[in-house]
Amino acid sequence: MLAVPEMGLQGLYIGSSPERSPVPSPPGSPRTQESCGIAPLTPSQSPKPEARAPQHAPFSVVVAIDFGTTSSGYAFSFASDPEAIHMMRKWEGGDPGVAHQKTPTCLLLTPEGAFHSFGYTARDYYHDLDPEEARDWLYFEKFKMKIHSATDLTLKTQLEAVNGKKMPALEVFAHALRFFKEHALQLREQCPSLPEKDTVRWVLTVPAIWKQPAKQFMREAAYLAGLVSREDADQLLIALEPEAASVYCRKLRLHQLVDLSSRAPGSGRLGERRSIDSSFRQAREQLRRSRHSRTFLVESGVGELWAEMQAGDRYVVADCGGGTVDLTVHQLEQPHGTLKELYKASGGPYGAVGVDLAFEQLLGRIFGEDFIATFKRQRPAAWVDLTIAFEARKRTAGPHRAGALNISLPFSFIDFYRKQRGHNVETALRRSSVNFVKWSSQGMLRMTCEAMNELFQPTVSGIIQHIEALLARPEVQGVKLLFLVGGFAESAVLQHAVQAALGARGLRVVVPHDVGLTILKGAVLFGQAPGVVRVRRSPLTYGVGVLNRFVAGRHPPEKLLVRDGRRWCTDVFERFVAAEQSVALGEEVRRSYCPARPGQRRVLINLYCCAAEDARFITDPGVRKCGALSLELEPYDGASSGRREIRAAMQFGDTEIKVTAVDVSTNRSVRAAIDFLSN
């Protein structure tokens, strides 16, 4: 009998080729740990990957939640009229000059940690709290980025409120998702045809560059929020943000887009040419009067971009959001306009919050980093006021704007600085080396337009560099269009910079009129037809560790293991799917496993991943343990002859890695799951 090794595997792997051993690396291999004994089986040929049509649970309505770094919202459509997308007309509260179909991603909890409010309501209530009282309340903003940046994300990861207090991130996200769930399901007064929750298909948006742990984290938060139960997991879809935008853009016609390439220089920002509000006004006029309600705006009558393009045409979607830039490349397939991903999703942390961070660093140069840190900690509500004031001015920035920009400093900032430093803020500005920010007699910071545009440059440059690197890839040659979407894409500074950098390539840079809502609308359409993205590219190589028969000269001597007279090579990386490999939706990779004991109730198999396509061993540089495949077995009566075989089928062509399993002896389903958060 052999003890199980590095993988903690409590089952037996049946190899995919005649030379593969049915046994994982035994004792003597690195990182060995004791487990139950297993006996070798004769290796059997694993079936080739095969496609299977995805099965979808019935539903009456799709509710999509676009959970953004800076703003969030939801929309829905009915299965009976899938392209009529219902959106909030206006959230309570809001800022002048800003479209209100979405609300800030701000969560306010009481000092005891109970939910109080979300969005504009949370922000405004926190603003009105007494400064001393506000220090006890838990206010979270822009917290989505913490999930992206966490290298060791688990279900116990903590988030820090602006007052420095910490709370489990899972609870914070669950509070926010529960708010949207209750808001959507309570709106039957305005929309009586909205059905009960068991007929709702929920869609959550996440950046395409998020790794599997972050996607699983969002799903776990949705379970905790009560959107769906684990037993009805199929009622929740994870949508990739640039994919959702692509799904929506392909339903538009070219005349419904703003072509930056055709603009005359200096024509200004998108809002000056045609505001988001005006585009919705036109959409409303196209609707039948009977569809109107006091709460929702309904958009329908979209066209079909693919009808104006030829089969095989390619385009890039650059989703420029609050926290990240997310790039995807799609090829349109005729006759139904399905999409094929040509290169794995790419991007990075180059969202609008980068401009906010640059402003905070500027304040640190003027008033001292230590003072800014103290002010944020001791006057958190006033700091929020200052960031709101900056956000309002940031939205008006443009490459051809004339005149300075005034940013209001809260009185508590001015007073707190004088008490801390012994002189006023005007003195601080005079003494600082920052000469492009002056003090206004109205109690404001006065910035030149050039100074404001400089705050954008690191983030904008990062976005352009990512786009240019993507366009240089051989897989992306022949791209005709670049869709600029996401909340940050409303910025005239970003629009101008992208067009200036990429226009010379002959690439058409186009922006949907409702650029900040493109992902939300696309997520609704994706929920109605998740098979629209037919082929995706795997971002990483995934597999498990197994034994191969040792071949001298081909395998390293240090990997040799001799047991019972047989020579084995340990730690071989058995690949399921390779990085950048095209994988069709529903395509399966099958492997069979055998429990070591007749009464064994659980099989656990460690998964490994890496960015390289040609890794040979799980000990190679860059290869890491990323998750665990678990198979929960029913009691075995032992009446069947022979060994018990569990056949697992994994799908890598969806937005999440999925697994199903069946007990071959009984032909019954086995509860199977992949856990990416247990590392």
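Note that the coordinates shown come from a computational prediction; the quantities given were computed from them, not determined experimentally.

So, the overall build of the protein chain
- In terms of helices and strands, the protein chain carries 16 helices and 36 strands.
- Within the protein chain, the fraction of its 679 residues that count as buried is 57%.
- Taking the contacts inside the protein chain whose residues are at least 6 apart along the sequence as the reference set, 73% of them involve residues at least 24 apart.
- For the protein chain, the exposed surface amounts to about 28,200 Å²; the carbon and sulfur share of it is 48%.

Some thoughts on the confidence of the model for the protein chain
- Per-residue pLDDT for the protein chain has a mean of 81; in total, 80% of the residues score no lower than 70.
- Mean pLDDT values for the elements of the protein chain range from 26 in strand β3 (residues 37-38) up to 97 in strand β15 (residues 236-240).
- Low pLDDT, under 50, characterises residues 1-57; the predicted model gives this stretch 173 contacts beyond four residues in sequence or across chains.
- Between residues 264-293, whose pLDDT stays under 50, and residues either more than four places distant or in other chains, the model counts 49 contacts.

Observations concerning the sheet that holds strand β9 (residues 106-109)
- Ordered in space as β10-β9-β11, the three strands form an open sheet in which the pairing is antiparallel. Only two strands of the sheet have a single partner each, and these edge strands are β10 (115-118) and β11 (138-141). Each strand of the sheet is rotated relative to its neighbour by a mean of 15°, with strand direction disregarded.
- Relative to β10, β9 runs antiparallel, the two sharing three bridges. From the neighbouring strand, Leu108 faces β10, where its bridge partner is Ser117.
- In this fold helix α1 (residues 120-128) packs onto β9, β10 and β11, with an angle of close to 110° to the strand it touches most, β10.
- The strands touched by helix α4 (residues 169-185) within the sheet are β9, β10 and β11, with β10 carrying the most contacts at an inclination of about 65°.

Some thoughts on the packing of aromatic side chains
- All chains considered together, the criterion is met by 29 aromatic pairs.
- Summarising the aromatic geometry, the rings of Phe118 and Phe180 are spaced 5.3 Å apart at their centres and angled 70° between planes, so their arrangement reads as edge-to-face. One end of the pair, Phe118, is in strand β10; the other, Phe180, is in helix α4, with 62 residues separating them in the sequence. Neither residue differs from the other here; Phe118 and Phe180 are each classed as buried.
- Every member of this aromatic cluster is reached through a ring pair, and the members are Tyr74, Trp91, Phe115, Phe118, Phe179 and Phe180.
- Of note, Lys144 hangs over the ring of Trp210, and the distance from its end group to the ring centre comes to 5.6 Å.

Points about helix α5 (residues 212-225)
- For α5, which comprises 14 residues, the first-to-last C-alpha distance of 20 Å matches the rise-based estimate of 20 Å (1.5 Å per residue) to within 8%.
- Two residues or fewer past α5, Gly226 is found with a positive phi of approximately 85°.

Some points on the pattern of salt bridges
- Applying the stated criterion across every chain, the model contains 32 salt bridges.
- Among the salt bridges present, the one from Arg473 reaches Glu475, with a minimum N-O distance of 3.3 Å.
- Lys658 serves as the salt-bridge partner of Asp654, at 3.0 Å between the closest nitrogen and oxygen.

As for the nonpolar core
- Membership of the largest hydrophobic core comes to 66 residues, with the highest contact counts inside it found for Phe367, Ile407, Phe413, Met452, Leu455, Leu482 and Phe488.
- If one sorts the elements of this core by residue count, helix α14 (residues 449-471) sits on top with ten residues.
- Non-local contacts of Phe367, meaning those with residues more than four positions away in its chain, are made with Ile372, Leu409, Phe413, Tyr417, Arg421, Val425, Ala428 and Leu445.
- Counting residues in hydrophobic clusters, the runner-up holds 51 residues, among them Ile147, Val206, Met218 and Ala225.

What to know about the pairing of strand β33 (residues 624-632)
- Looking at chain direction, strand β32 (residues 602-610) and β33 are connected through eight bridges and run antiparallel. Counterpart to Arg602 in the pairing with β33 is Glu632.
- Taken together, the five bridges between β33 and strand β36 (residues 668-675) define a ladder with antiparallel strand orientation. Bridge pairing links Ser630 to Ala673 in β36.

Notes on the environment of Asp81
- With respect to the helices and strands, the residue Asp81 is situated in strand β7 (residues 81-88).
- Through-space distance from the C-alpha of Asp81 to that of Gln528 is 9.9 Å; in sequence the pair is 447 residues apart.

Section: the environment of Ile657
- Of note, Ile657 is situated in the loop between β34 (646-651) and β35 (658-663).
- A sequence separation of 445 residues divides Ile657 from Gln212, and the C-alpha atoms of the two residues are 7.7 Å apart.
- Once you skip the residues sitting within four places of it in the chain, Ile657 turns out to touch Gln212, Tyr542, Gln651, Phe652, Ile674 and Phe676.

Some details on the side chain of Thr105
- Among the structural elements, Thr105 can be located in the loop between β8 (103-104) and β9.
- Accessibility expressed as a relative area gives 1% for Thr105, which makes it buried.
- Polar side-chain contacts of Thr105 include one of 2.9 Å to the backbone oxygen of Gly68.
- Of note is the side chain of Thr105, whose polar atom sits 3.3 Å from the backbone nitrogen of Ser71.
- When near neighbours in sequence (up to four residues on either side) are disregarded, Thr105 contacts Phe67, Gly68, Thr69, Thr70, Ser71, Ser72, Phe118, Phe140, Glu141, Lys142 and Phe143.

Focus: the sheet that holds strand β23 (residues 444-447)
- Spatial ordering of the open sheet is given by β21-β23-β22, a layout of three strands whose pairing is antiparallel. Each having just a single partner strand, β21 (405-408) and β22 (437-440) make up the two edges of the open sheet. If you compare each strand with its neighbour and ignore which way they point, the axes differ by 30° on average.
- Sheet analysis places β22 next to β23, joined by four bridges and oriented antiparallel. Bridge pairing in β23 places Trp439 opposite Leu445.
- The strands touched by helix α9 (residues 353-367) within the sheet are β21, β22 and β23, with β23 carrying the most contacts at an inclination of about 110°.

A short note on the pairing of β21
- Of the two faces of β21, the one holding Leu405 and Ile407 is buried and the one holding Asn406 and Ser408 is not buried anywhere.
- In this sheet, β23 lies alongside β21 in antiparallel orientation, the contact comprising four bridges. Considered in β23, the bridge of Asn406 is made with Arg446.

Re the environment of Thr324
- Relative to the assigned elements, Thr324 resides in the loop between β18 (314-320) and β19 (325-333).
- Excluding anything up to four places from it in sequence, Thr324 contacts Met145, His148, Pro207, Ile209, Asp319, Gly348, Pro349, Tyr350 and Gly351.

What about α9?
- The first and last C-alpha atoms of α9 sit 21 Å apart over 15 residues, in line with the 21 Å expected at 1.5 Å per residue.
- Among the residues of α9, those classed as buried are Val353, Val355, Asp356, Ala358, Phe359, Leu362, Leu363, Gly364, Ile366 and Phe367.
- Just downstream of α9, Gly368 is the residue with a positive phi angle, here 100°.

Focus: the side chain of His330
- Following the sequence through the fold, His330 ends up in strand β19.
- In this structure the side chain of His330 is engaged in a polar contact, spanning 2.7 Å, whose partner is the side chain of Ser246.
- Contact partners of His330, with chain neighbours within four places excluded, come to Glu243, Ser246, Asp313, Arg314, Tyr315, Leu339, Lys340, Glu341, Leu342 and Val533.

Conventions adopted
Residues numbered from 1 in each chain as written. Predicted model: local features only at pLDDT ≥ 70, side-chain atom pairs only at ≥ 80, totals over all residues. Heavy atoms only, no water. Helix = DSSP H or I, 4+ residues; strand = E, 2+ residues; numbered from the N terminus. Buried < 20%, exposed > 50% of the residue type's maximum accessible area, 1.4 Å probe, protein only. Contact = heavy atoms within 4.5 Å. Areas by Shrake-Rupley, 256 points an atom, 1.4 Å probe, with all protein chains shown as cover. pLDDT = per-residue confidence, 0-100. Pairing = 2+ DSSP bridges. Axes fitted to C-alpha atoms, helices over the stretch in contact; angles between N-to-C directions. Phe/Tyr/Trp six-rings, centres within 6.5 Å; stacked < 30°, edge-to-face > 60°. Lys NZ or Arg CZ within 6 Å of the ring centre and 35° of its normal. Expected span 1.5 Å × (residues − 1). Salt bridge = Lys/Arg side-chain N within 4 Å of Asp/Glu carboxyl O. Core = buried A, V, L, I, M, F, W, Y, C linked by side-chain atoms within 4.5 Å. Polar contact = N/O pair within 3.5 Å; in protein donor to acceptor, adjacent residues only side chain to side chain.

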